Amino acid sequence: MKIGVVGKPNVGKSTFFKSSTLKEVDIQNFPFTTINANLGVGYVRIKCVCKELGRQCNPRVGFCTEGFRYIPVELVDVAGLVPGAHEGKGMGNQFLNDLIFCNALVHIIDVSGGTNEKGESIQIGTYNPANDIKFLEEEIDLWLIGLVKKNWRKFVRTSKMQKEKGIEALTKQLSNINLTEKETIRIYEQFDFGDDLTQWTDEQIDQFVIEARKTTKPIIIGANKIDKLIDKDGIQKTKEKLKELQSATESKVMPIFAEGELALRNAQKARIIDYLYGEESFEIKEDKLTVLNNEQKQALAKIKNIMDDFGSTGVLKILNYVIFDVLDYISIYPAGTKSLCDKKGNVLPDVFLMKNGSTAIDFAYKLHTDFGDKFIRAVNVKTKQIIGKDYVLKDKDMIEIIADK
Ligand SMILES: Nc1nc2c(ncn2[C@@H]2O[C@H](COP(=O)(O)OP(=O)(O)O)[C@@H](O)[C@H]2O)c(=O)[nH]1
Ligand SMILES: [Mg+2]
């Protein structure tokens with residue numbers, strides 16, 4: 001699973017990316033700083049079962065602190081998406097191709113209206129960020145429509161000649177935009193355009209693909225540079241502005257302060273503050289209070305105020321929202337009934353993100369093809385109950401798979 005971080009230049013994608021991955025990438029105040037797509041590992045977090053079990057777990061990947069388990073997710077920093085990108089403008093197509101395997105897109109916008117459509121810095125409040133929300137949706141839609149319509153006529157004719165069912169042909173064609181068979185069938189039934197694909201009009205194909213985009217590439221808006229908007233308009237007007245943006249789009253709009261998060265993470269690394277990534281606040285370490293200069297204290301106070309207003313910097317919150325609310329994943333731990341440890345004595349070393357609705361056999365396959373192929377039964381480690389292939393997994397289940405040797 002991958003999450004794409006998209007948006008026009010200079011809105012704070014790299015800052016967001018860096019603050020959630022802590023990977024070094026170029027951060028500079030001019031367009032096209034990031035030339036290649038950057039891959040990085042971000043984190044979502046859950047309340048770990050280790051706490052309720054009274055144990056401390058030892059994650060193989062990610063980490064677990066104070067009962068919060070941070071689970072890695074892949075992020076792709078995609079730069080240079082400007083209007084016309086689907087036609088190859090502004091390095092467009094190259095970037096779009098990085099997006100094809102993304103399961104969701106976090107669209108970063110400069111909510112303060114201080115970045116024009118080309119990604120140049122302008123006076124705050126002089127650009128309407130609602131335009132960006134619209135343009136990005138259109139770019140993604142047009143790009144996917146382009147991919148689906150490529151060879152469309154030829155392929156529908158061939159499949160008709162071969163007496164293939166419309167839905168079968170459609171499933172094949174749409175797998176190239178990552179739409180699963182199940183999703184294809186759902187949209188096919190929803191629109192009911194008929195089984196003869198050769199009769200579909202251009203508009204019908206467009207409509208179908210736009211619906212498919214909402215499924216394969218849901219977009220969540222990260223309203224970044226919230227600090228600048230607050231500086232200009234105050235908190236009340238800022239909140240109204242966010243509501244206004246929300247009412248103009250179907251996508252969820254969430255405030256973020258990427259630069260604030262990055263500053264906190266750096267301050268934490270430098271042991272200036274006590275802060276747990278994603279928490280609602282932080283404390284300056286007592287022995288540092290006298291060392292910090294006024295400017296530093298003010299900067300931290302400003303971050304704290306914004307966190308008070310919105311509950312956090314919003315960086316981890318938006319990723320958690322994407323994974324658990326939009327994509328509807330749950331967390332499943334492999335475990336044993338006799339022991340929660342692996343062979344090396346690590347307690348609950350793994351936790352997997354699985355689509356809600358996944359079953360015990362899906363989990364077995366996720367662990368290893370052999371476990372899936374040779375599945376005998378599974379055990380719900382919490383209840384000690386034996387479960388079968390079709391058991392529907394519940395969030396935070398600990399599952400033992402018993403397979404033939
Ligand atoms: N005030 C403010 N500036 C930010 C924020 N996030 C990023 N920036 C600044 O915006 C500029 C562009 O950021 P960058 O991450 O390189 O944008 P990208 O081109 O979208 O990757 C840099 O000067 C950042 O420091 C934020 O939350 N608040
Ligand atoms: Mg960048």
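Residues numbered from 1 in each chain as written. Chains lettered and ligands numbered in written order. Predicted model: local features only at pLDDT ≥ 70, side-chain atom pairs only at ≥ 80, totals over all residues. Heavy atoms only, no water.

**Q** What exactly am I supposed to notice about the layout of surface pockets here?
**A** Once rolled over the atoms, a probe with the size of a water molecule shows which space is left empty. Within this model, the largest pocket holds a volume of roughly 850 Å³. Forming the boundary of the largest pocket are 25 residues, of which Pro 334, Cys 341, Asp 342, Lys 343 and Phe 371 lie nearest the centre. When residues of the lining of the largest pocket are assigned to their parent elements, the largest contribution, five residues, is made by strand 14 (residues 398-403). (1 Å grid on protein atoms, 1.4 Å probe; cavity = no way out; pocket = protein on both sides within 12 Å on 5 of 7 lines; lining within 4 Å. Points joined across faces, edges and corners; volume = space filled by probe spheres on them. Helix = DSSP H or I, 4+ residues; strand = E, 2+ residues; numbered from the N terminus.)

**Q** Got a minute to help me understand the domain arrangement of the chain in this structure?
**A** Interface size, as often reported, equals the accessible area lost upon joining of the parts. According to the domain assignment, the chain contains domain 1 (2-142 + 218-257 + 312-323), domain 2 (151-213) and domain 3 (329-403). Counting residues at the interface gives 18 residues for domain 1 and 17 residues for domain 3. On the domain 1 side of the contact with domain 3, Val 49, Asn 58 and Arg 60 bury the most area, a combined 33% of that side's loss. The partner of Asp 350 in a salt bridge is Arg 60, with the nearest N and O atoms 2.5 Å apart. Across the domain 1-domain 3 interface, the total number found is eight residue pairs in polar contact (both at pLDDT 80 or more). Those elements giving two or more residues to the side of domain 1 that touches domain 3 turn out to be strand 2 (38-47), helix 2 (49-53) and strand 4 (68-77). Across the side of domain 1 that touches domain 3, the residue classes tally to 11 nonpolar, two polar and five charged. (Domains from an automatic or database assignment. Contact = heavy atoms within 4.5 Å. Buried area = accessible area lost by both parts, 1.4 Å probe. Salt bridge = Lys/Arg side-chain N within 4 Å of Asp/Glu carboxyl O. Polar contact = N/O pair within 3.5 Å; in protein donor to acceptor, adjacent residues only side chain to side chain. Nonpolar A, V, L, I, M, F, W, Y, C, P; charged D, E, K, R; others polar.)

**Q** Help me understand the packing of aromatic side chains, please; the structure alone is not making it clear to me.
**A** Two aromatic rings are characterised by how far apart their centres lie and by the angle between their planes. Per the stated rule, a full pass over the model turns up 10 aromatic pairs. Grouped by ring-pair contacts, the aromatic residues Trp 152, Phe 155, Phe 191, Phe 193, Trp 200 and Phe 208 constitute a single cluster. Across from the ring centre of Phe 310, 5.6 Å away, lies the NZ or CZ of Lys 239, which sits over that ring. Stacked on the ring of Phe 282, the Lys or Arg Lys 304 has its end atom at 4.9 Å from the ring centre. (Phe/Tyr/Trp six-rings, centres within 6.5 Å; stacked < 30°, edge-to-face > 60°. Lys NZ or Arg CZ within 6 Å of the ring centre and 35° of its normal.)

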